[in-house]
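Listed here are the chains, written in short residue letters.
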Amino acid sequence: MPVQKVNDSSDLDAKVPAHLQRTAITGLTVTSDPSHRCVKARVVHKGPVISCAQKDGIEMLRAEIREEDLPQSTTEHTSINVIFFGTLAKDFSQSVRQGDVVLLADFTIKKSPSFLRDKRHPCQLEMDGNDACVYVCPSAAPSQGPSCSEAKYTYVPLNNLKHKTVVNVYGVVTFFKQPFPSKGSDYCSTLKITDQSDVKVSCSIFSKKLEDHPVIFRVGDIIRLHRFKTEIFNDSMTLLNTYGWSAVTFDGIIDSPVDPRTSSKSFHFGESDKNTVQELRQWAASQSLISNDPTVSLSSVHPGMYFDLTCQLLAKAVMDSRCILLKVWDGTKCEHPLLNVAVASDALEGESTVAKDRMNLTANVLVYDNHMEAAQDLKPGTFLRFYNLRSLLQRAPDQQPDQAEHLSFHLHGGTTYGRGLRSLPAGSPELQSLKSVLENHVDLDEYDEVNDGTLLEIWYTPPEAVDGEADTAHSYTVRTCEHNTQQLTLARVKRSTPPLSCHVRARVKKYHPQQLYQCLKLFCSKCKTMKDVPDDGAVAKVFRESARENQPCDEQWAATSSASSREAGRTISMHISKDMVGQSTHMQLIFVEGTTLDEICVLSRDYKNLVPVRSENGRMALMDLTAPFLFSGDKRYYGCKRCSLNTFENHVFTGVETYDGQAVAEALGVQLMRYGLLIQFELDDGTDTLEALLWENAEKFFHVSAVDASGSQDLQDKIQTIIDTIQPPQSSLEERPWLDLCLSVYTVKDNNINKVCYQITDSEIREE
């Protein structure tokens, strides 16, 4: 049942069905039967509608109601929390204001989890389902916008915060990041605030809805936080939003209007709040926390700067899946020639910028990764502010070496130093000076026409380099190729026609597989089969079945000795060439029969070359090639089932000083499968991403032999350390090292379709 309104408080009593009895809030207990009860009280607080994770994301709202007309001696438990679920939560939010009187029926009574904290009633009421009844009588003087009720809030100075308490605070913003996606389903805002106590406190806000996050435009803004929990993190006090939280922000400039910024339709804001904001403004100004001009104009920008820019959006165009172009201006002319990143007219949304481009008034800003969502929502004509924007000198495609480089602008991914962008309301006082400058250029549109000379100045490709740091930063790898080819961006590589060998400089965005043991592969050079190294469970099964079916075998060329096994009735036979009898068997080739995997691993500690065999019709035969055909110390050698003959082609095992896997394989009629390391890296250089394999060059890249790594934990740890250096766990892309790589571009047939592939070649980790 939706919320129903009545005109007078007395009408609420008339709405009570005959079978319901009005009950005092003070008389409610967890054991009370709510089926024949109703309560009447005044709403003293109403929270926002939020999503309840415990109930599969259903919407909910919490309110506090307080009973009136009670004896003066009754002071405890007169207020109780009420939780509304589903459509009732939305109806209550839209229909009820603080100060209204409500009558509730068909509720359930639960223990309040916040009783010890809020000191209200030990129970809470929950309203859910079609039978829940809510009647409301509006207060005598309903308010418009912010609630005018005389609700009183206590604000705690930042130097008086105590651990694990829920508080209300005011503060001046000293640092902030625009909302960004967290690792979960929420967006996260982070900021730091201070007050007259001169204590700085960090604050983190998590919410699924972007519009619920505080609207902060600049350092020095004033913020009010309600119902935030205090926590100690890294020995510092931190504020975290908790149930029913709210945030309201104000301009921090003295004498500017005290206009609250919030998405909430109902919030308390009285004369005392206005006085608090003005006091914080005066104090912040005296501490030089507020800059009169927080942004830099284009006329003042120099190469290599990180700066904030307030401007107007002229046009935009999506460049690729992770980059969008924003054409902006602030009415000032940059001292350096600006790079013009032009796109086809049908891809551009907004007005033509040709005339402004010719006058060096248009800044082409390339926006990447996590900032794309905010950029895509912007409409041409919007005023906006970039935070931590970077300016770089770079050459346009096909530009001659003797021509001057142009200034480009990039908003890279991540949120370091508050990097981001935000639209500004058109009526903001901060835009007055910007608008007056732009008005001086209104006649530019009369000359905004396209001619052949103009088109020659336009490049229809994104910039070929987007980060000056990429050219100068230390690389974790070196190229070992002898060819001298031009370094290309990944965007240019993806547009190139294979076959091609080229140089690139990029970072690792991610890699696959994540588990190191899955990187180790077996490869047959004859049939090109590639497979994972069998796990010990599969190998042990082959040994158990062979040992169970074992029968003595007789070979004319072999001398046999026996040893007892761990199991009664089973004998381990060891065969060597008769020519080797009397000589040391430590390094000789020994054929072992009737053993388990554990037992042959123990034997391999003393005998360096063991071939597991079985008996077949009284003759010696190799085991199923799921198992290794040779144990050489810690190393295991495997054969290809498809290409191996599984026969002893060469019975002469004498005169061999050392046995390697290839020589033994040839003698046994086995096609050796060689070990290799296979890793797929997703590379990113700021212009684009591509997936490149590390396979043929992997051993040189890591300075590790794959076959040695198969039996050495130390070498496996070395590879893992290198991978963790290339992509440190929990790191952002910009924190990872640059890699100088040689890249091979080629095509393969995939279901009769040519597929372009990329492989890292002639590159290796730099050895310090």
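Before going into details, it helps to say that this report is about the structure given with it. (Residues numbered from 1 in each chain as written. Predicted model: local features only at pLDDT ≥ 70, side-chain atom pairs only at ≥ 80, totals over all residues. Heavy atoms only, no water.)

With respect to the overall build of the protein chain
Tallying secondary structure elements over the protein chain gives 16 helices and 39 strands in all. Looking at the protein chain as a whole, 49% of its 768 residues qualify as buried. By sequence separation, contacts in the protein chain at least 24 residues apart represent 65% of the contacts at least 6 residues apart. With an accessible surface of roughly 37500 Å², the protein chain has 48% of that area assigned to carbon and sulfur atoms. (Helix = DSSP H or I, 4+ residues; strand = E, 2+ residues; numbered from the N terminus. Buried < 20%, exposed > 50% of the residue type's maximum accessible area, 1.4 Å probe, protein only. Contact = heavy atoms within 4.5 Å. Areas by Shrake-Rupley, 256 points an atom, 1.4 Å probe, with all protein chains shown as cover.)

Remarks on the pairing of strand S9 (residues 123-127)
Where burial is concerned, most of S9 is hidden: five out of the five residues are buried. Neither face of S9 is exposed, since Cys123, Leu125 and Met127 on one face and Gln124 and Glu126 on the opposite face are all buried. Summarising the sheet, strand S6 (residues 79-85) and S9 pair through four bridges and their orientation is parallel. Within the sheet, the bridge partner assigned to asparagine 81 lies in S9 and is glutamine 124. Pairing analysis gives four bridges linking strand S8 (residues 108-111) to S9, with the strands arranged antiparallel. Within S9, the residue paired with lysine 111 across the bridge is cysteine 123. (Pairing = 2+ DSSP bridges.)

Some thoughts on the nonpolar core
The biggest cluster of nonpolar side chains holds 79 residues, and the ones touching the most others in it are Val493, Val611, Phe629, Leu683, Phe702 and Leu743. Of the residues forming this core, the biggest block, five residues, is contributed by strand S24 (residues 500-512). Beyond its immediate stretch of four places on either side in the chain, valine 611 contacts Leu589, Ile590, Phe591, Val592, Leu622, Phe629, Leu630, Val664 and Leu668. Ranked by size, the runner-up nonpolar core spans 29 residues in total, among them Val201, Cys203, Phe383 and Leu431. (Core = buried A, V, L, I, M, F, W, Y, C linked by side-chain atoms within 4.5 Å.)

Notes on empty space enclosed by the protein
Evaluation of the coordinates by the stated rule reveals three cavities of 30 Å³ or more. Computed from the structure, the largest cavity encloses a volume of approximately 50 Å³. If you trace the largest cavity, you find it lined by Phe176, Lys177, Gln178, Pro179, Ser189, Thr190, Leu191, Pro214, Ile216 and Arg422. Elements represented by at least two residues in the lining of the largest cavity include exactly strand S11 (166-181) and strand S12 (187-194). Per-element accounting of the lining of the largest cavity gives the leading share, four residues, to S11. Along the lines of polarity and charge, the residues of the lining of the largest cavity split into five nonpolar, three polar and two charged. (1 Å grid on protein atoms, 1.4 Å probe; cavity = no way out; pocket = protein on both sides within 12 Å on 5 of 7 lines; lining within 4 Å. Points joined across faces, edges and corners; volume = space filled by probe spheres on them. Nonpolar A, V, L, I, M, F, W, Y, C, P; charged D, E, K, R; others polar.)

Some words on the sheet that holds strand S13 (residues 200-207)
Strand order around the closed barrel formed by five strands is S11-S12-S13-S15-S14, with mixed pairing between neighbours. Averaged over all neighbouring strand pairs, the angle between strand axes comes to 50°, with direction disregarded. (Axes fitted to C-alpha atoms, helices over the stretch in contact; angles between N-to-C directions.)

Describing the packing of aromatic side chains
Each aromatic ring pair is specified by the distance between its two centres and by the angle formed by the two planes. Applying the stated criterion across every chain, the model contains nine aromatic pairs. With a centroid separation of 5.2 Å and an interplanar angle of 85°, the aromatic rings of phenylalanine 176 and tyrosine 387 are classed as edge-to-face. One end of the pair, phenylalanine 176, is in strand S11; the other, tyrosine 387, is in strand S20 (residues 383-394), and 211 residues separate them in sequence. The residues phenylalanine 176 and tyrosine 387 share a single accessibility class, namely buried. In this arrangement the basic side chain of lysine 356 is found over the ring face of tryptophan 329, its NZ or CZ atom lying 4.9 Å from the centre. (Phe/Tyr/Trp six-rings, centres within 6.5 Å; stacked < 30°, edge-to-face > 60°. Lys NZ or Arg CZ within 6 Å of the ring centre and 35° of its normal.)

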